[in-house]
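Understanding the architecture of this molecule
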There are 2 protein chains.
Amino acid sequence: MNSSAARNLPLELPEYEKPNNALPLASFPVSMAFPPPWTSSSLALVALALLTALVIRAMLFSSKKWDPRGQHCFITGGSSGTGLALAVLLVQRGAHVSIVARNGERLAKALEMLEQHRQTSNQILKAYSFAVDSESGSAAALNAASKLHEGRCPDALFLCAGASAPAFFVDQTEEALKAGMQMTYWAQAFTALAGTKEMVKQGVKGRIVFVSSVLAFFSIVGYSPYSPGKFALRGLAETLHSELKLYGISIHIAFPATIYTPGYEEENKTKPKITLKIEESDGGDSPEAVATAILKGVQRGNFHITTGFLGELFRSSAAGASPRPSYLLDIVYGLISFIGLPIWRHSVDSTVKAHQKEHREYLRAQGLVA
Amino acid sequence: MNSSAARNLPLELPEYEKPNNALPLASFPVSMAFPPPWTSSSLALVALALLTALVIRAMLFSSKKWDPRGQHCFITGGSSGTGLALAVLLVQRGAHVSIVARNGERLAKALEMLEQHRQTSNQILKAYSFAVDSESGSAAALNAASKLHEGRCPDALFLCAGASAPAFFVDQTEEALKAGMQMTYWAQAFTALAGTKEMVKQGVKGRIVFVSSVLAFFSIVGYSPYSPGKFALRGLAETLHSELKLYGISIHIAFPATIYTPGYEEENKTKPKITLKIEESDGGDSPEAVATAILKGVQRGNFHITTGFLGELFRSSAAGASPRPSYLLDIVYGLISFIGLPIWRHSVDSTVKAHQKEHREYLRAQGLVA
């Protein structure tokens, strides 16, 4: 453990985390009564001032991109899909990369691929087989990965571990729902916990990147074992985005839509037909495209990261108090969402209702109704 | 079990759930490229048409309020706080009420109170002692409550079970985080699961009401054991709002802010000082006020239910594709949120950063840093 680093802990924030003087510092009047005493012209003025401040801030941001070169990046779910694609990108950008997954064989193959992208001979590229869905498993994986870095914990955690097993709610059991939470939430939450404790102990002002899903902004039939965990990740990221400012640790969370991976093909085999039908017009992204979008978002310092136009629509209309990548663009996205999403939802609801008869046959076949 | 009811299962939807012909039925063009080919005047026209449709819909809604009279309402967490306040309101409106909680003594007292509000001699008012944070516990409680109703499952489930134990993330363990999820998420999810299975089996077109928190729209320092579970409830409600249209079961979810209950005083004893400081200007509501708002929302058929102006600001800016209680009002709320919430968040973030030094002392005292 690096005790001199620990002594410097959170007294100095990274440049982009410092309070921006261009932003009004006034506290929001939480107790104000409705209707608010604002005229439309004063609202417009405040909006204009805020937007100007945010544009200036966005411009400052872009000149201070995070550079992964020489940083130690720790990637769970790193042997395939988005995790592996991120690992390749980070190796290409000169980072030290540790990938973690369960399957030793797949890890070995993935490590071979990383070696092909090596930029310099002193880049440390390693693969570790651990189950990270417990705090002890995550801590053991982090400790193993820290050994070749003089005990220093990783600078960036990319939490890509997870899986999905959509099914009807009436087919769920206590065990199935808990297994869903394990795959979607705990598989990332415990690595964040073990990683945060190490970063705090060592005074490392690192970054933690969660990979949630666009299904953390809304949900549809079939995702009761999945959406709750992906929403939970968003809740954890919201808390930590506030709390880890105590230590100068940055939090990011990505919300990809459909990703064409082996896992996606696996989940489609058991996915309810009605869910498949709703998704059929969706399209999807390659793991490489998703990884590129995530890394770009992290480098820019964005908290919420989406990977396409539809993702932006759902994000912009559900961001609430969370920082937005661009306030100007979100006015456009927000307007389109406000009009388009109710129409989209209405069409999805109609599809579900039209499925009632067929679903009744399914229930009879399963012996769930007489 | 009522098998004649089961035969009628989901072929007929309640009136307010039928597709509204005034709403455009077009499917949202999910694959459209950015920038969209819409001019601002066509956007405005679509917006106007949509708003007119939604206003008409809202007017239709209000004439078909749900009436709890003669309905069997099943309330978890029903011996105190919001659950008990809801029970009293429902008794006053002529419902049969079953309250469920763990503590037998508190249940007996609560039942005495309900008896004082009895409207007719044939109202069935009962209290049951069960732990509902498992599927089997929830199923047992539902079965017990169904016995006095000829085996018919309740018409409405009000899921008020839950507790909060805020603390710093670095103080969490695997057990503590899992206990948090148990108190916030599983305590309601498993009753929803057991209840849905019974409603589907018996063909009861009931309603399920989750009680989440305004901390499912955002979060702040201290809530890592709480916000993830409350976000998860929102994810489950989103899924079920879509999926249970297959059976004509309605889903509602409430997002109260601070409620002055014995539980709130308990949680404040261990709440981090910085969290208390951020909340000090917040105020709060009585359980009665929260229960009144929830029942009003359920009766109106609202999916998302908030309990105050601040709740409306967070909801309107985070609703995404979820149905809004009023699209017209949400334009106003949304505008205020878009301007006000970033300012509020900036002020909270500044408070957290200003706490770094004091927090460092706390970490030293806990032995978490050298």
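Everything quoted here is computed from the prediction, not taken from an experiment.

**Looking at the overall build of chain A**
- Per the secondary structure count, chain A includes 13 helices and seven strands.
- Taking all 370 residues of chain A together, the buried fraction comes to 60%.
- Within chain A, counting contacts between residues at least 6 apart in sequence, those at least 24 apart form 73% of the total.
- Summed over all atoms, the accessible surface of chain A reaches about 14,200 Å², with 56% contributed by carbon and sulfur.

**So, the interface of chain B and chain A**
- On the side of chain A, 115 residues touch chain B, which itself brings 113 residues to the contact.
- Joining chain B to chain A, the criterion identifies zero salt bridges.
- For the pair chain B and chain A, the number of links is 22 residue pairs in polar contact (both at pLDDT 80 or more).
- When residues of the side of chain B that touches chain A are assigned to their parent elements, the largest contribution, 20 residues, is made by helix α12 (residues 327–354) of chain B.
- Of the residues that constitute the side of chain B that touches chain A, the class distribution is 68 nonpolar, 26 polar and 19 charged.

**Considering a positive patch on the surface**
Residues and elements named next belong to chain A.
- Among the surface-exposed residues, K65, R93, K296 and R300 lie close enough to one another that they form a single positively charged patch.
- Here K296 lies in helix α10 (residues 287–300).
- K296 sits in the partly exposed class, given a relative accessible area of 45%.

**Quick look at the pairing of strand β6 (residues 250–255) of chain A**
All names here are of chain A.
- Among the six residues of β6, six are classified as buried, and the element is accordingly described as predominantly covered.
- As paired elements, strand β5 (residues 207–211) and β6 share five bridges and run parallel to each other. The residue bridging I208 from the neighbouring strand is I251, located in β6.
- With helix α7 (residues 227–243) bridging β5 and the parallel β6, this β-α-β connection has right-handed handedness.

**Some details on the pairing of strand β1 (residues 72–76) of chain B**
All names here are of chain B.
- In terms of burial, β1 is a largely internal element, five of the five residues being buried.
- With burial as the criterion, each face of β1 is covered, one bearing H72, F74 and T76 and the other bearing C73 and I75.
- Where β1 meets strand β2 (residues 96–101), five bridges bridge the pair, whose relative direction is parallel. Looking at the pairing, C73 lines up with V97 of β2.

**Digging into unusual backbone geometry**
- With phi around 55°, E150(A) is a residue other than glycine that occupies positive phi space.
- Under the relative-accessibility criterion, E150(A) is labelled exposed at 76%.

**Observations concerning the UniProt feature "transmembrane region" (unreviewed entry) in chain A**
- Within this structure's numbering, the places UniProt gives as "transmembrane region" (unreviewed entry) are residues 38–60 and 208–226 of chain A.
- Secondary structure content for residues 208–226 of chain A is 0% helix and 21% strand, while the C-alpha to C-alpha distance between its ends is 21 Å.

**Notes on the relation of the copies chain B and chain A**
- The operation relating chain B to chain A is a screw motion whose rotation component is 180°, with 0.0 Å of axial translation and a residual RMSD of 0.0 Å. Within this description, the copies of the chain are treated as partners about a two-fold rotation axis. Looking at the rotation axis and the C-alpha trace of chain B, the residue lying nearest is A318(B), at 1.8 Å.
- The residues that chain B uses at the interface reappear at the interface of chain A in 100% of cases, marking a shared surface.

**Things to note about the pattern of salt bridges**
Residues and elements named next belong to chain A.
- Applying the stated criterion to the full structure yields 28 salt bridges over all chains.
- D349 is the partner of R345 in a salt bridge, and the nearest nitrogen-oxygen pair spans 3.1 Å. Of this pair, R345 and D349 both sit in helix α12 (residues 327–354), four residues apart, which is roughly one turn of that helix.
- What makes R345 buried here is its relative accessible area of 11%.
- Residue classification places D349 among the buried positions, given a relative accessible area of 8%.
- One network of salt bridges, in which partners are shared, links E312, R315, R324 and D330.

**Comments concerning α7(A)**
- Compared with an ideal rise of 1.5 Å per residue, which puts 17 residues at 24 Å, α7(A) spans 24 Å between its outermost C-alpha atoms and is within 8% of the ideal.
- Among the 17 residues of α7(A), 17 are classified as buried, and the element is accordingly described as predominantly covered.

**Structural notes on the packing of aromatic side chains**
- Inspection of every chain in the model, using the stated rule, returns 24 aromatic pairs over all chains.
- When the ring of W66(B) is compared with that of F158(B), the centres are 6.4 Å apart and the planes differ by 40°; the resulting orientation is tilted. Taken together, the residues W66(B) in the loop between α2 (40–62) and β1 and F158(B) in strand β4 (residues 156–159) connect sequence positions 92 residues apart. Comparing W66(B) with F158(B), the two get one shared label, buried.
- Ring-pair connections join several aromatic residues into one group, and the members of that group are Y185(A), W186(A) and F190(A).

**Here's the deal with the sheet that holds β6(A)**
Residues and elements named next belong to chain A.
- Spatially, β3-β2-β1-β4-β5-β6-β7 is the arrangement adopted by the seven strands of the open sheet, whose pairing is parallel. With one partner strand each, in any of the chains shown, β3 (125–129) and β7 (304–306) form the two edges of the open sheet. Neighbour to neighbour, the strand axes of the sheet diverge by 15° on average, direction disregarded.
- Sitting on the sheet, α7 touches β5, β6 and β7, and the angle it makes with β6 is about 155°.

**Describing the sheet that holds strand β7 (residues 304–306) of chain B**
All names here are of chain B.
- Overall, parallel pairing links the seven strands, which are arranged β3-β2-β1-β4-β5-β6-β7 in an open sheet. In this open sheet, the two strands that pair with only one neighbour each are β3 (125–129) and β7. The average undirected angle you get between the axes of adjacent strands in this sheet is 15°.
- Here β2 runs beside β3; their pairing, made up of five bridges, is parallel. Bridge pairing links I99 to A127 in β3.
- The strands touched by helix α4 (residues 104–116) are β2 and β3; relative to β3, the strand with the most contacts, the crossing angle is about 170°.
- The sheet contacts of helix α10 (residues 287–300) involve β4, β5 (207–211), β6 (250–255) and β7, and relative to β7 the element is tilted by about 150°.

**Observations regarding the packing of α7(A) against helix α7 (residues 227–243) of chain B**
- One can describe the packing of α7(A) onto α7(B) by two numbers: an axis separation of 7 Å at closest approach and a directional angle of 145°. Considering how the two elements wind past one another, α7(A) and α7(B) form a crossing that is right-handed. Here S227(A), P228(A), F231(A), A232(A), R234(A), G235(A), L236(A), E238(A) and T239(A) of α7(A) lie close against α7(B), whose contacting residues are S227(B), P228(B), F231(B), A232(B), R234(B), G235(B), L236(B), E238(B) and T239(B).
- Looking at side-chain class alone, the contact of α7(A) with α7(B) contains eight nonpolar, six polar and four charged residues.

**What about the nonpolar core?**
- The biggest cluster of nonpolar side chains holds 128 residues, and the ones touching the most others in it are I208(A), F210(A), I208(B) and F210(B).
- With residues up to four places along the chain from it excluded, the contact list for I208(B) reads L157(B), L159(B), A192(B), T196(B), M199(B), L244(B), I249(B), S250(B), I251(B) and H252(B).

About the cut-offs
- Residues numbered from 1 in each chain as written.
- Chains lettered and ligands numbered in written order.
- Predicted model: local features only at pLDDT ≥ 70, side-chain atom pairs only at ≥ 80, totals over all residues.
- Heavy atoms only, no water.
- Helix = DSSP H or I, 4+ residues; strand = E, 2+ residues; numbered from the N terminus.
- Buried < 20%, exposed > 50% of the residue type's maximum accessible area, 1.4 Å probe, protein only.
- Contact = heavy atoms within 4.5 Å.
- Areas by Shrake-Rupley, 256 points an atom, 1.4 Å probe, with all protein chains shown as cover.
- Salt bridge = Lys/Arg side-chain N within 4 Å of Asp/Glu carboxyl O.
- Polar contact = N/O pair within 3.5 Å; in protein donor to acceptor, adjacent residues only side chain to side chain.
- Nonpolar A, V, L, I, M, F, W, Y, C, P; charged D, E, K, R; others polar.
- Patch = residues over 30% accessible without salt bridge, like charges linked within 9 Å, V, L, I, M, F, W, Y side chains within 5 Å.
- Lys, Arg positive; Asp, Glu negative; His and termini not counted.
- Charge placed at Lys NZ, Arg CZ, Asp CG, Glu CD.
- Pairing = 2+ DSSP bridges.
- Right-handed = clockwise from strand over helix to strand, strands pointing away.
- UniProt positions renumbered as here; feature names shortened; annotations may be inferred.
- Least-squares fit on C-alpha atoms with pLDDT ≥ 70 in both.
- Expected span 1.5 Å × (residues − 1).
- Phe/Tyr/Trp six-rings, centres within 6.5 Å; stacked < 30°, edge-to-face > 60°.
- Axes fitted to C-alpha atoms, helices over the stretch in contact; angles between N-to-C directions.
- Left-handed = near helix turned anticlockwise from the far one by under 90°.
- Core = buried A, V, L, I, M, F, W, Y, C linked by side-chain atoms within 4.5 Å.

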